[in-house]
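Given next are the chains, with one letter for each unit.
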Amino acid sequence: MMSQPPTAQFSQMGLDGAAACVTKIELRIRCTKLLNKDLTSKSDPIVVVMQQDKAGKWLKVGETENVKDELNPQFTKTVEMNYCFEEVQKLRFIVYDVDSSALDVNSDDFLGQMQCTLGVVVSNTPYQQKLTDMHGKPLKESTITVQAEETGGTKEILMMNMAGVKLDNKDLLGKSDPFLEFHRLANGGSYQLLHKTEVCDNTLNPVWKTFGIPVSTLAAGNNNREILIRCYDYDSDGSHDLIGQFTTTPAELIACCTERGSKVFSCINPKKKEKKKKYIDSGKIELKNCQVVKQYSFLDYVFGGMQLNFSVAIDFTASNGSPNDPKSLHYIE
């Protein structure tokens, strides 16, 4: 059964008397079984999203983050764009292997592409297709999945500070290198990756930096939606070891902000729990503090009466010569 497109938001009448049917959406992207372009490790994929303008030129709309050493990436960075119901918006998703922080791609970095219209993605979300080569021939196994979601609602960010307590050690010659992943339960029953924390090296009691996730991203219109939080031990080859996991809801996290108290979750490893009768947990994850912060837009400041004052000063230093002298740094034509 096809998903219905997001509820349209009608803009004011234009000069021609027609109402434009436009809504803001964000695209979440994941890939599977990508080609491996690296000899000593795995590809470091990134997805660039292009849109064709009315003149037929392809323009960059946005890009995901660069995921290191991963052939089955789930990208956390979304691509935002306007969905125009009455227009055919042609999109091209290009996957590259990028080995530096700067996006400088060439033909050797190409991992595949997929072309479609935004309307097809919206009406068939999540939309999955095989990637093709530069000539349009489908690759054997590589796929890309694009999920369209309507943005809007609250402009609130859930700021969180989390820590681990006595986590299991997954390393033989040191201690675990823990990081967290936040996943949201989607309508189809699958989990969507929303956020990753940084890695805390060589510690069983990590304290992660304060981070924020938009409330609308967490809840997607339902504050009781299940959120799965997984704690992994980072491995450089991408085969991260699961330390444990737990579930919560946006409502429970927001309640911690209201109560201004910490919350402790038991970190459970399903495989260990199944094998060991006396298993309790693999450590604790503590929500040390939490705060809901409103994210103001530029228009919010304008509507609030903000005024901008701009001053310009020009220093006519005498040592630079007369402004009438063509050789002076302050020469005025």
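Residues numbered from 1 in each chain as written. Predicted model: local features only at pLDDT ≥ 70, side-chain atom pairs only at ≥ 80, totals over all residues. Heavy atoms only, no water.

1. What to know about the overall build of the protein chain
The helix and strand inventory of the protein chain stands at five helices and 17 strands. The buried share of the protein chain, taken over its 333 residues, is 38%. The contacts in the protein chain between residues at least 6 apart in sequence include a share of 61% that link residues at least 24 apart. Carbon and sulfur atoms form 51% of the exposed surface of the protein chain, whose accessible area is close to 19900 Å². (Helix = DSSP H or I, 4+ residues; strand = E, 2+ residues; numbered from the N terminus. Buried < 20%, exposed > 50% of the residue type's maximum accessible area, 1.4 Å probe, protein only. Contact = heavy atoms within 4.5 Å. Areas by Shrake-Rupley, 256 points an atom, 1.4 Å probe, with all protein chains shown as cover.)

2. Regarding unusual backbone geometry
Of the consecutive residues threonine 125 and proline 126, the connecting peptide bond is found in the cis state with omega at -5°. The topology assignment puts proline 126 in the loop between helix H1 (118–123) and strand E8 (127–132). Its identity is not glycine, yet lysine 166 carries a phi of approximately 50°, on the positive side. Considering the arrangement of structural elements, one finds lysine 166 in the loop between strand E10 (156–165) and strand E11 (178–185).

3. Describing the sheet that holds strand E14 (residues 227–233)
Taking strand neighbours across the sheet as the criterion, the four strands line up as E12-E11-E14-E15 in an open arrangement whose pairing is antiparallel. Looking at the sheet topology across the chains shown, the edges are occupied by strand E12 (191–196) and strand E15 (241–248). Here the average twist between neighbouring strands, direction ignored, is 25°. In terms of strand pairing, E11 meets E14 through seven bridges, oriented antiparallel. Counterpart to glutamate 181 in the pairing with E14 is arginine 230. (Pairing = 2+ DSSP bridges. Axes fitted to C-alpha atoms, helices over the stretch in contact; angles between N-to-C directions.)

4. A word on the side chain of threonine 64
Turning to its location among the elements, threonine 64 is positioned in the loop between strand E4 (58–63) and strand E5 (79–84). Since its relative accessible area comes to 2%, threonine 64 is described here as buried. For threonine 64, the contacting residues outside a window of four places in its chain are Ile29, Ile46, Val47, Phe75 and Lys77.

5. Focus: the nonpolar core
Ranked by size, the top nonpolar core spans 28 residues in total, and within it Met160, Met162, Phe182 and Ile285 carry the most contacts. When near neighbours in sequence (up to four residues on either side) are disregarded, isoleucine 285 contacts Met162, Ala163, Gly164, Leu167, Leu180, Trp208, Cys231, Phe246, Lys263, Val264, Phe265 and Cys267. If you look at the next biggest cluster of nonpolar residues, it comprises 27 residues, including Leu27, Leu34, Cys116 and Tyr127. (Core = buried A, V, L, I, M, F, W, Y, C linked by side-chain atoms within 4.5 Å.)

6. Examining the environment of glycine 119
Within the element layout of this structure, glycine 119 appears in helix H1. A residue is classified by how much of its surface remains accessible, and glycine 119, at 28% relative accessible area, is partly exposed.

7. Remarks on the side chain of aspartate 168
Turning to its location among the elements, aspartate 168 is positioned in the loop between E10 and E11. Using a relative accessible area of 17% as the deciding quantity, one classes aspartate 168 as buried. In terms of polar contacts, aspartate 168 uses its side chain to reach the side chain of lysine 272, at 2.7 Å. Sequence-distant contacts of aspartate 168, defined by excluding residues within four places in its chain, comprise Ser176, Leu204, Ile243, Lys272 and Ser282. (Polar contact = N/O pair within 3.5 Å; in protein donor to acceptor, adjacent residues only side chain to side chain.)

8. A word on the layout of surface pockets
Taken as a whole, the second largest pocket encloses approximately 480 Å³ of empty space. Together, 23 residues line the second largest pocket, and Val67, Glu70, Glu181, Lys196 and His240 are the ones closest to its centre. Counting only elements with at least two residues in the lining of the second largest pocket, the list comes to E11 and E12. Top contributing element to the lining of the second largest pocket by residue count: E11, with three residues. Residues belonging to the lining of the second largest pocket are distributed by class as follows: seven nonpolar, nine polar and seven charged. (1 Å grid on protein atoms, 1.4 Å probe; cavity = no way out; pocket = protein on both sides within 12 Å on 5 of 7 lines; lining within 4 Å. Points joined across faces, edges and corners; volume = space filled by probe spheres on them. Nonpolar A, V, L, I, M, F, W, Y, C, P; charged D, E, K, R; others polar.)

9. Structural notes on empty space enclosed by the protein
By the definition in use, this model includes one cavity of 30 Å³ or more. Here the largest cavity is characterised by a volume of approximately 90 Å³. If you go around the largest cavity, the residues you meet are Arg28, Ile29, Arg30, Gln74, Phe75, Thr145, Gln147, Tyr191, Gln192 and Leu193. Looking at the lining of the largest cavity, its residues break down into four nonpolar, four polar and two charged.

10. Remarks on the environment of valine 49
For valine 49, the position within the fold is in strand E3 (residues 45–52). Residue classification places valine 49 among the buried residues on the basis of a relative accessible area of 0%. With 45 residues separating them along the chain, valine 49 and isoleucine 94 place their C-alpha atoms 6.5 Å apart. Among all residues touching valine 49, those that are not within four sequence positions of it are Ile29, Leu59, Lys60, Val61, Gly62, Val79, Arg92 and Phe93.

By themselves these figures say nothing about function.
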